[in-house]
Amino acid sequence: HGQTIHHLPNARTPSTLQIGEAAVIAERTGITTVADFRVRDMAAGGEGAPLVPYADWALFTDQTKPRIVQNIGGIGNLTFLPPRAELEEVIAFDTGPGNMVMDALVTALTQGRQTFDRDGRWAARGRVSEKLLAELMKHPFLRRRPPKTTGREEFGEVFVARLLASGRRLRLRPEDMVATATAFTAASIADAYRRFVFPKLTADGRGALQIILGGGGAKNPTLRRMLAARIGARELLTHEDFGIANAAKEALAFAILAHETLLGKPGNVPSATGARRAVVLGKIVPGSGEIAANE
């Protein structure tokens with residue numbers, strides 16, 4: 001997959017850039033390498049993201065229970081899987097900030113001595129400013145209908161600078177600002193559920209819904225507590241509850257996509273990315289000699 005350096009799906013000329021050169025990997029390892037998955041989806045009119053929903057569908061679709069697979073990485077994103085979901089029934093989109101705003105805020109407040117709120121301790125000591133939270137929740141991305149993706153272009157340095165300025169104007173303590181940023185992540189996720197997922201569920205389906213958390217945010221107990229309170233969930237599951245290591249989830253997802261690519265099978269979910277059609281993702285760089293022949 002590589003590291004996404006810039007992602008502009010809605011520009012006049014849609015563009016995306018990932019670093020991590022497949023040719024170098026193939027040359028150094030001798031192993032056939034599949035990489036650069038986003039571009040083909042964008043060529044087919046999609047946003048090039050999210051791409052993990054195909055793997056979520058393959059791994060987590062249940063016969064009787066609806067599920068939301070909620071990733072909380074730098075950005076939050078969800079995959080909604082109705083019971084016995086066909087691929088075209090999958091709904092997936094970015095919900096807004098995950099850890100990105102919290103991490104940048106802690107980094108700024110400590111002049112780089114800390115880069116994230118370990119175990120949600122700062123947020124646990126602070127008080128949420130409802131006034132600042134209401135201001136943050138007015139961000140237009142939250143109201144935009146799926147399919148949609150976001151990133152540092154909307155929730156990066158400029159956004160955090162404005163948040164800091166607002167927090168200081170309201171005379172908030174540093175821990176109050178971190179608590180409010182944490183609440184913003186929880187509230188934006190809950191808002192996405194209320195707007196775009198819950199209307200698709202019956203009362204029984206809402207009662208049976210399982211929410212599976214992944215990404216670094218799943219390790220933040222303060223964020224989990226805030227999220228559970230806002231969505232009324234009695235139980236939030238994690239990938240580990242299904243025998244999948246949280247830290248390995250994205251690697252597993254792209255291994256699944258690479259496997260489909262090598263078989264010539266599509267790996268995008270057009271309902272999630274907005275692509276005109278399902279397409280085979282990625283570029284294949286052959287390995288060398290005997291290794292490639294035996295793969």
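Right, let's walk through the structure included here.

Cut-offs and rules
Residue indices begin from 1 for each chain and proceed along its sequence in written order. Owing to the predicted nature of the model, reporting of local features is limited to residues with pLDDT of at least 70; listing and counting of side-chain atom pairs is limited to 80 or more, with chain, interface and lining totals taken over all residues. As a rule here, side-chain values come from all non-hydrogen atoms in the structure, and water together with hydrogens is ignored. By salt bridge we mean one thing: a side-chain nitrogen of Lys or Arg within 4 Å of a carboxyl oxygen of Asp or Glu. Runs of E in the DSSP output that reach at least two residues are strands. Runs of H or I that reach at least four are helices, and both are numbered from the N terminus. A 1.4 Å probe rolled over the protein chains alone gives each residue an accessible area, and that area as a share of the maximum for its type sets the label: buried under 20%, exposed over 50%, partly exposed in between. Angles shown run from 0 to 180 degrees and are taken between the N-to-C directions of axes, each axis being a line fitted to C-alpha atoms and, for helices, limited to the stretch in contact. An angle counts as roughly parallel when it lies under 35 degrees, as roughly antiparallel when it exceeds 145, as roughly perpendicular when it falls between 65 and 115, and as oblique in every other case. Every residue pair with non-hydrogen atoms within 4.5 Å of one another is taken to be in contact. Three classes are used, and their members are as follows: Ala, Val, Leu, Ile, Met, Phe, Trp, Tyr, Cys and Pro are nonpolar, Asp, Glu, Lys and Arg are charged, and the others, Gly among them, are polar. Stacked, edge-to-face and tilted labels apply to pairs of Phe, Tyr and Trp rings (six-membered ring for Trp) whose centres lie within 6.5 Å, assigned for plane angles under 30 degrees, over 60, and everything in between, in that order. Geometrically, a lysine NZ or arginine CZ counts as sitting over a ring once it is within 6 Å of the ring centre and also within 35 degrees of the ring normal. To count toward a patch, a residue needs a relative accessible area over 30% and no salt bridge; like charges are then connected within 9 Å, while nonpolar side chains (Val, Leu, Ile, Met, Phe, Trp, Tyr) are connected within 5 Å. Accessibility throughout is a Shrake-Rupley quantity obtained with a 1.4 Å probe, and a residue counts as covered only by protein chains that appear here. Note on terminology: a nonpolar core comprises buried Ala, Val, Leu, Ile, Met, Phe, Trp, Tyr and Cys residues joined through side-chain atoms within 4.5 Å. Note on definitions: the grid is 1 Å and covers protein atoms alone; a cavity is a set of points where a 1.4 Å probe fits but cannot get out; a pocket is an open set with protein on both sides within 12 Å along at least five of seven lines; lining residues have an atom within 4 Å of a point. Grid points are joined across faces, edges and corners, and a volume is the space filled by probe spheres set on the points.

Focus: the pattern of salt bridges
Turning to step 1, where the next piece is worked out: A full pass over the atoms with the stated rule returns 10 salt bridges.
Turning to step 2, where the next piece is worked out: Put simply, Arg 195 and Asp 191 hold a salt bridge, and the shortest N to O gap is 2.7 Å. Placement of the pair is Arg 195 and Asp 191 together in helix α10 (residues 174–197), with a separation of 4 residues, close to one helical turn.
Turning to step 3, where the next piece is worked out: With a relative accessible area of 37%, Arg 195 lands in the partly exposed category.
Turning to step 4, where the next piece is worked out: Put simply, Arg 173, Glu 175 and Asp 176 are held in one network by salt bridges that share partners.

Topic: the packing of helix α3 (residues 53–60) against helix α13 (residues 249–262)
Turning to step 1, where the next piece is worked out: Axis separation between α3 and α13 bottoms out at 9 Å; the angle between their running directions is 95°. Taken together, the axis directions place α3 and α13 in an arrangement best described as roughly perpendicular. Contacts between α3 and α13 involve Tyr 54, Ala 55, Asp 56, Leu 59 and Phe 60 on the former and, on the latter, Lys 249, Leu 252, Ala 253, Ile 256, Leu 257 and Glu 260.
Turning to step 2, where the next piece is worked out: In the contact of α3 with α13, the residues fall into 8 nonpolar, no polar and 3 charged.

Some thoughts on the packing of aromatic side chains
Turning to step 1, where the next piece is worked out: Evaluated as defined, the whole model comprises 9 aromatic pairs.
Turning to step 2, where the next piece is worked out: Ring geometry for Phe 37 against Phe 254: centres 5.2 Å apart, planes inclined by 65°, an arrangement best described as edge-to-face. Of this pair, Phe 37 sits in the loop between β3 (33–35) and α2 (38–43) while Phe 254 sits in helix α13, and the two are 217 residues apart along the sequence. The pair formed by Phe 37 and Phe 254 is uniform in burial state, with each residue classed as buried.
Turning to step 3, where the next piece is worked out: On the numbers, 5.4 Å between centres and 85° between planes, the contact of Phe 60 with Phe 242 is edge-to-face. Highlighted residues: Phe 60 in helix α3 and Phe 242 in the loop between β8 (236–238) and α13, separated in sequence by 182 residues.
Turning to step 4, where the next piece is worked out: For Phe 242, a relative accessible area of 30% corresponds to the partly exposed category.
Turning to step 5, where the next piece is worked out: Chaining the aromatic ring pairs together yields one cluster made of Phe 141, Phe 155, Phe 159 and Phe 184.
Turning to step 6, where the next piece is worked out: We note Lys 148 situated over the ring of Phe 141; from NZ or CZ to the ring centre the distance is 4.4 Å.

Things to note about a nonpolar patch on the surface
Turning to step 1, where the next piece is worked out: A cluster of nonpolar side chains, Ile 5, Leu 17 and Ile 19, forms an exposed patch at the surface whose accessible area comes to about 270 Å².
Turning to step 2, where the next piece is worked out: Structurally, Ile 5 can be placed in strand β1 (residues 3–8).

Some words on the environment of Pro 146
Turning to step 1, where the next piece is worked out: Following the sequence through the fold, Pro 146 ends up in the loop between α7 (140–143) and α8 (152–155).
Turning to step 2, where the next piece is worked out: With a relative accessible area of 25%, Pro 146 lands in the partly exposed category.
Turning to step 3, where the next piece is worked out: With 127 residues separating them in the primary sequence, Pro 146 and Thr 273 have C-alpha atoms 8.7 Å apart.
Turning to step 4, where the next piece is worked out: In this structure, Pro 146 is in contact with Phe 93 and Phe 196, ignoring residues within four places of it in sequence.

Looking at the nonpolar core
Turning to step 1, where the next piece is worked out: One finds Ile 68, Leu 78, Leu 105, Phe 155, Leu 163, Tyr 193 and Ile 211 to be the most contacted residues of the largest nonpolar core, which totals 52 residues.
Turning to step 2, where the next piece is worked out: The element best represented in this core is α10, accounting for 14 residues.
Turning to step 3, where the next piece is worked out: Sequence-distant contacts of Leu 105, that is, excluding residues within four places in its chain, are made with Val 160, Leu 163, Leu 164, Met 177, Val 178 and Ala 181.
Turning to step 4, where the next piece is worked out: One finds Val 69, Ile 212, Val 269 and Val 279 within the second-largest nonpolar core, a separate group that totals 24 residues.

Regarding the layout of surface pockets
Turning to step 1, where the next piece is worked out: The calculated volume of the largest pocket comes to roughly 1,100 Å³.
Turning to step 2, where the next piece is worked out: Residue lining of the largest pocket: 38 residues in total, with Arg 38, Gly 74, Ile 75, Asn 77 and Glu 250 positioned closest to the centre.
Turning to step 3, where the next piece is worked out: When contributions to the lining of the largest pocket are tallied by element, the ones reaching two or more residues are β1, α3, β4 (67–72), β5 (75–81), α8 and α13.
Turning to step 4, where the next piece is worked out: Examining the composition of the lining of the largest pocket, we find that 5 residues originate from one element, β1, more than from any other.
Turning to step 5, where the next piece is worked out: Considering only residue class, the lining of the largest pocket consists of 13 nonpolar, 17 polar and 8 charged.

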